[in-house]
Amino acid sequence: MNEGTKERLKKLDKALIDSLENNLGVRVFQDSVSEDEFKNELKGVYHYIIFETGGMRRAEEKQFTLIQDVLVRFYAENVDDVDGAQIDIISTLESNGYTFVNSEKAAIQKGQEDAYVDEIEFNFTRSLKYVRC
């Protein structure tokens, strides 16, 4: 049931992961990063992206289109041009079918240390053709 729409979701997820990893050179994870991945694969360095998909709603102007919210979090440690990375993430995802909504920057304290990690949280949407079966 609705195999075309489900396939489109998979393609959009793959495009998000592949384009960000190739264009920004950072690892991209869906939903979370495990402790093992953080320690072994990332070597304990905060320089990665996590994305999460959210709820869906019907597009107001298009009867056969659903809109889904997508949250993208970029974590950066010792990155000089965080604003430049922000622009790169926006342009990369917009060229892959995502629509940028807004972003917010924050600094997160790293454990008990006097060190901080930059976090940028992006809100995007993506659209899916949907015909009820």
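All figures in this text were calculated on a predicted structure; none of them were measured in a lab.

**Q** Before we move on, could you go through the overall build of the protein chain and cite the residues and values that matter?
**A** Helices and strands together make up the secondary structure of the protein chain, namely three helices and five strands. Across its three principal directions, the C-alpha atoms of the protein chain cover 55 × 30 × 25 Å. For the protein chain, with 133 residues in total, the buried portion stands at 38%. In the protein chain, once contacts between residues fewer than 6 apart in sequence are set aside, the share between residues at least 24 apart is 55%. Within the structure as shown, the protein chain displays about 8,300 Å² of accessible surface, and the carbon and sulfur contribution to it stands at 45%. The positive charge centre, built from 17 side chains, and the negative charge centre, built from 26, are 11 Å apart in the protein chain.

**Q** Lay out the nonpolar core with the relevant residues and their values.
**A** One recurring pattern in soluble globular proteins is that nonpolar side chains are buried together. L16, V72, F74, I89 and F124 are the most contacted members of the largest nonpolar core, which totals 23 residues. When contributions to this core are tallied by element, the ones reaching two or more residues are α1 (3-24), β2 (47-58), β3 (65-76), α3 (82-94) and β5 (116-129). Ignoring anything within four residues of it in the chain, the contact list for F124 reads Q68, D69, V70, V72, I89, I90, L93, Y98, T99, F100 and V101. Counting eight residues, the second largest nonpolar core, distinct from the first, contains V33, F38, I50 and V117.

**Q** Lay out the side chain of D13 in plain terms, naming residues and giving numbers.
**A** Position of D13 relative to the elements: it lies in helix α1. Residue D13 is classed as buried on the basis of its relative accessible area of 16%. Residues in contact with D13, not counting those within four places in the same chain, are Q30, F51, T53, Y98 and R126.

**Q** Any chance you could break down the packing of α1 against α3 for me, citing the residues and the numbers?
**A** Packed helices, taken two at a time, are described by their axes: the angle between them and the distance between them. One can describe the packing of α1 onto α3 by two numbers: an axis separation of 10 Å at closest approach and a directional angle of 140°. Classed by the angle they form, the pair α1 and α3 counts as oblique. Between α1 and α3 lies a crossing of right-handed hand. Along the contact surface, α1 presents L16, S19, L20, N23 and L24, while α3 presents A85, D88, I89, T92 and L93. Class assignment for the residues of the contact of α1 with α3 results in six nonpolar, three polar and one charged.

**Q** Account for the pairing of strand β4 (residues 98-109), naming residues and giving values.
**A** Where β4 lies against β5, eleven bridges are found, and the strand directions are antiparallel. Directly across from K105, in β5, lies its bridge partner I120. Between the end of β4 and the start of β5, which pair antiparallel, lie six residues, with G111 showing a positive phi angle near 60°.

Scoring rules and cut-offs
- Residues numbered from 1 in each chain as written.
- Predicted model: local features only at pLDDT ≥ 70, side-chain atom pairs only at ≥ 80, totals over all residues.
- Heavy atoms only, no water.
- Helix = DSSP H or I, 4+ residues; strand = E, 2+ residues; numbered from the N terminus.
- Buried < 20%, exposed > 50% of the residue type's maximum accessible area, 1.4 Å probe, protein only.
- Contact = heavy atoms within 4.5 Å.
- Areas by Shrake-Rupley, 256 points an atom, 1.4 Å probe, with all protein chains shown as cover.
- Lys, Arg positive; Asp, Glu negative; His and termini not counted.
- Charge placed at Lys NZ, Arg CZ, Asp CG, Glu CD.
- Core = buried A, V, L, I, M, F, W, Y, C linked by side-chain atoms within 4.5 Å.
- Axes fitted to C-alpha atoms, helices over the stretch in contact; angles between N-to-C directions.
- Parallel < 35°, antiparallel > 145°, perpendicular 65-115°, else oblique.
- Left-handed = near helix turned anticlockwise from the far one by under 90°.
- Nonpolar A, V, L, I, M, F, W, Y, C, P; charged D, E, K, R; others polar.
- Pairing = 2+ DSSP bridges.

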